[in-house]
Amino acid sequence: MRKLTYGMNLTLDGYISAPGDDIGWSTPSDELFQWWLDQERVISLFLYGRRLWETMSAHWPTGDQQPGATPAQIEFARNWRDTPKVVFSSTIDKVDWNTRLVTGDAIAEITRLKAEDGGPMRVGGATLAGAVMRAGLIDEYEIVTHPVLVGGGTPFFTSLESWVNLDLVETRTLPGGVVVTRYETRR
């Protein structure tokens, strides 16, 4: 069975974006960017909702060609292009960059993918991740908390029908007061 991880940058008050989808508060230090790159390198399949797919695909296909791109950003762009991706959306009809589009039942497809042999998967996008969380499919949470309060926006966590018990597996403080915590779902 494949491992499924959900992780994103979020504010201290629990949002992955401020009102208006503003993520200007989340500019990563070189060390944080490298941490994310290290996490992404082990992922064998990215699972995206439409909005995160649109954000990622607007920048990373050519992120290694941007003026001033750091070595980590160059490697991130190459890794992003090379890693297979699945986008779940009923409103777009075309994807590219080593990506497959699924317009049907996301939970059924993710359950099927998780049951296969293969490397780890990462789910991204608040709406998709919320549905996956409610279905009990997430094995690990990577929470990268930035020391900022935005007061509203898109929350990292969703409403749940029952508790999910977690075990802390890592805590790390990075420059700028960013705190990385990783939790595994207790099964």
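Residues numbered from 1 in each chain as written. Predicted model: local features only at pLDDT ≥ 70, side-chain atom pairs only at ≥ 80, totals over all residues. Heavy atoms only, no water.

What to know about the pairing of strand β7 (residues 140–146)
So, step 1. Buried residues dominate β7, accounting for seven of its seven residues.
So, step 2. The two faces of β7 match: Glu 140, Glu 142, Val 144 and His 146 on one face and Tyr 141, Ile 143 and Thr 145 on the other face are all buried.
So, step 3. Of the pairings in the sheet, the one linking strand β1 (residues 4–11) to β7 comprises seven bridges and is parallel in character. Its bridge partner lying in β7, Asn 9 is registered against Val 144.
So, step 4. Bridge analysis of β7 against strand β10 (residues 178–185) gives six bridges, and the strand direction is antiparallel. When the sheet's bridge partners are listed, Val 144 is paired in β10 with Val 180. (Buried < 20%, exposed > 50% of the residue type's maximum accessible area, 1.4 Å probe, protein only. Helix = DSSP H or I, 4+ residues; strand = E, 2+ residues; numbered from the N terminus. Pairing = 2+ DSSP bridges.)

As for the nonpolar core
So, step 1. In terms of nonpolar packing, the biggest core is built from 40 residues, with Leu 4, Tyr 6, Leu 47 and Val 123 touching the most fellow members.
So, step 2. In terms of nonpolar packing, the next biggest core, distinct from the first, is built from seven residues, Leu 32, Trp 36, Val 144 and Val 178 among them. (Core = buried A, V, L, I, M, F, W, Y, C linked by side-chain atoms within 4.5 Å.)

Some details on the pairing of strand β3 (residues 45–49)
So, step 1. Taking burial as the measure, the five residues of β3 include five buried ones, the bulk of the element.
So, step 2. What you see with β3 is no split at all: Leu 45, Leu 47 and Gly 49 on one side and Phe 46 and Tyr 48 on the other are buried throughout.
So, step 3. In the sheet, β3 pairs with strand β6 (residues 121–124) via four bridges, with the strands oriented parallel. Each bridged residue has a counterpart across the sheet, and for Tyr 48 the counterpart in β6 is Gly 124.
So, step 4. Where β3 meets strand β4 (residues 85–88), four bridges bridge the pair, whose relative direction is parallel. Across the sheet, Tyr 48 pairs through a bridge with Val 87, a residue of β4.

Regarding the UniProt feature "domain: Bacterial bifunctional deaminase-reductase C-terminal" (unreviewed entry) in the protein chain
So, step 1. Annotation from UniProt places "domain: Bacterial bifunctional deaminase-reductase C-terminal" (unreviewed entry) at residues 3–180.
So, step 2. Between the first and last C-alpha atoms of residues 3–180 the distance is 19 Å; the span itself is 30% helix and 28% strand. (UniProt positions renumbered as here; feature names shortened; annotations may be inferred.)

So, the pattern of salt bridges
A side chain with one charge can pair with a side chain of the opposite charge if their charged atoms come near.
So, step 1. Per the stated rule, a full pass over the model turns up 19 salt bridges.
So, step 2. Measuring nitrogen to oxygen at the nearest pair gives 3.3 Å for the salt bridge that ties Asp 38 to Arg 41. Of the two residues, Asp 38 and Arg 41 both sit in helix α1 (residues 30–41), three residues apart, roughly one turn of that helix.
So, step 3. Arg 41 sits in the partly exposed class, given a relative accessible area of 41%.
So, step 4. Arg 182 is the salt-bridge partner of Glu 140, the closest N and O atoms lying 2.8 Å from each other. With a gap of 42 residues between them, Glu 140 in strand β7 and Arg 182 in strand β10 connect regions that are remote in the sequence. Both residues of the pair, Glu 140 and Arg 182, count as buried.
So, step 5. Three or more residues joined by partner-sharing salt bridges are found here, namely Arg 2, Arg 100, Glu 109, Arg 112 and Glu 116. (Salt bridge = Lys/Arg side-chain N within 4 Å of Asp/Glu carboxyl O.)

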